[in-house]
Amino acid sequence: MSLAGKYAFESHDNYSEWLAAVGIPADACAKMAAAKPSLEVTQTGNDVSIKTIAGDKNFTNTITLGKDSKATLPGGVEYTVNMTLSGNSLTGTFNFGGKSGPASVEVSAAGLVQKMTLGGITAKRTYKRQ
């Protein structure tokens, strides 16, 4: 199963709580949790690029597999992620200003599921393949 594809937001669980746990201000958490972005994922060698489109705003993060890669959330919040690819799964860790935890992305014919955990809070974001 290829990571590459277009995905439309379907649902999320505990996303606001996870954003608050990593230190995102409450007003920004509310806006980010209310967004229903679409994703365009491409892969070239060890580089996975994820273009996030939410309304009239979009941004692209590129992750180099097996290396610390800088990424940005809406509003300019920067973090580091280190992911490896095994089969249909990306697994690794994230680091937001000294707060870190496990992260994963599972890809299937139906879509993509992102999971991030910090301090017992696991956020799950589900996207449907287009």
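Heads up: these notes are all about the structure in this document. (Residues numbered from 1 in each chain as written. Predicted model: local features only at pLDDT ≥ 70, side-chain atom pairs only at ≥ 80, totals over all residues. Heavy atoms only, no water.)

A count of helices and strands for the protein chain gives two helices and 10 strands. Of the regular secondary structure in the protein chain, the N- to C-terminal order runs β-α-α-β-β-β-β-β-β-β-β-β. On C-alpha atoms alone, the protein chain measures out to a radius of gyration of 14 Å, which is about the 14 Å that the 2.2 N^0.38 rule sets for 130 residues. Of all 130 residues assigned to the protein chain, the portion counted as buried reaches 35%. Long-range pairs, those at least 24 residues apart, make up 37% of the contacts in the protein chain between residues at least 6 apart in sequence. Here the protein chain displays about 6,900 Å² of accessible surface, and carbon together with sulfur accounts for 51% of that area. For the protein chain, the distance from the average position of its 13 positive side-chain charges to the average position of its 10 negative side-chain charges is 3 Å. (Helix = DSSP H or I, 4+ residues; strand = E, 2+ residues; numbered from the N terminus. Rg over C-alpha atoms; globule rule 2.2 N^0.38 Å. Buried < 20%, exposed > 50% of the residue type's maximum accessible area, 1.4 Å probe, protein only. Contact = heavy atoms within 4.5 Å. Areas by Shrake-Rupley, 256 points an atom, 1.4 Å probe, with all protein chains shown as cover. Lys, Arg positive; Asp, Glu negative; His and termini not counted. Charge placed at Lys NZ, Arg CZ, Asp CG, Glu CD.)

Time to look at the layout of surface pockets. For the largest pocket, the calculated volume is near 900 Å³. Lining the largest pocket are 40 residues, with Y15, T52, F59, L73 and Y79 positioned closest to its centre. Per-element tally for the lining of the largest pocket: the top contributor is strand β4 (residues 57-64), with five residues. Considering only residue class, the lining of the largest pocket consists of 29 nonpolar, seven polar and four charged. (1 Å grid on protein atoms, 1.4 Å probe; cavity = no way out; pocket = protein on both sides within 12 Å on 5 of 7 lines; lining within 4 Å. Points joined across faces, edges and corners; volume = space filled by probe spheres on them. Nonpolar A, V, L, I, M, F, W, Y, C, P; charged D, E, K, R; others polar.)

Before going further, it helps to examine the sheet that holds strand β3 (residues 47-54). Sheet architecture is open: 10 strands sit in the order β4-β3-β2-β1-β10-β9-β8-β7-β6-β5, paired in antiparallel fashion. Only two strands of the sheet have a single partner each, and these edge strands are β4 and β5 (69-73). On average, adjacent strands in this sheet sit at an angle of 30° to one another, irrespective of strand direction. Here strand β1 (residues 5-13) runs beside strand β10 (residues 121-129); their pairing, made up of six bridges, is antiparallel. Bridged to F9 within β10 is Y127. (Pairing = 2+ DSSP bridges. Axes fitted to C-alpha atoms, helices over the stretch in contact; angles between N-to-C directions.)

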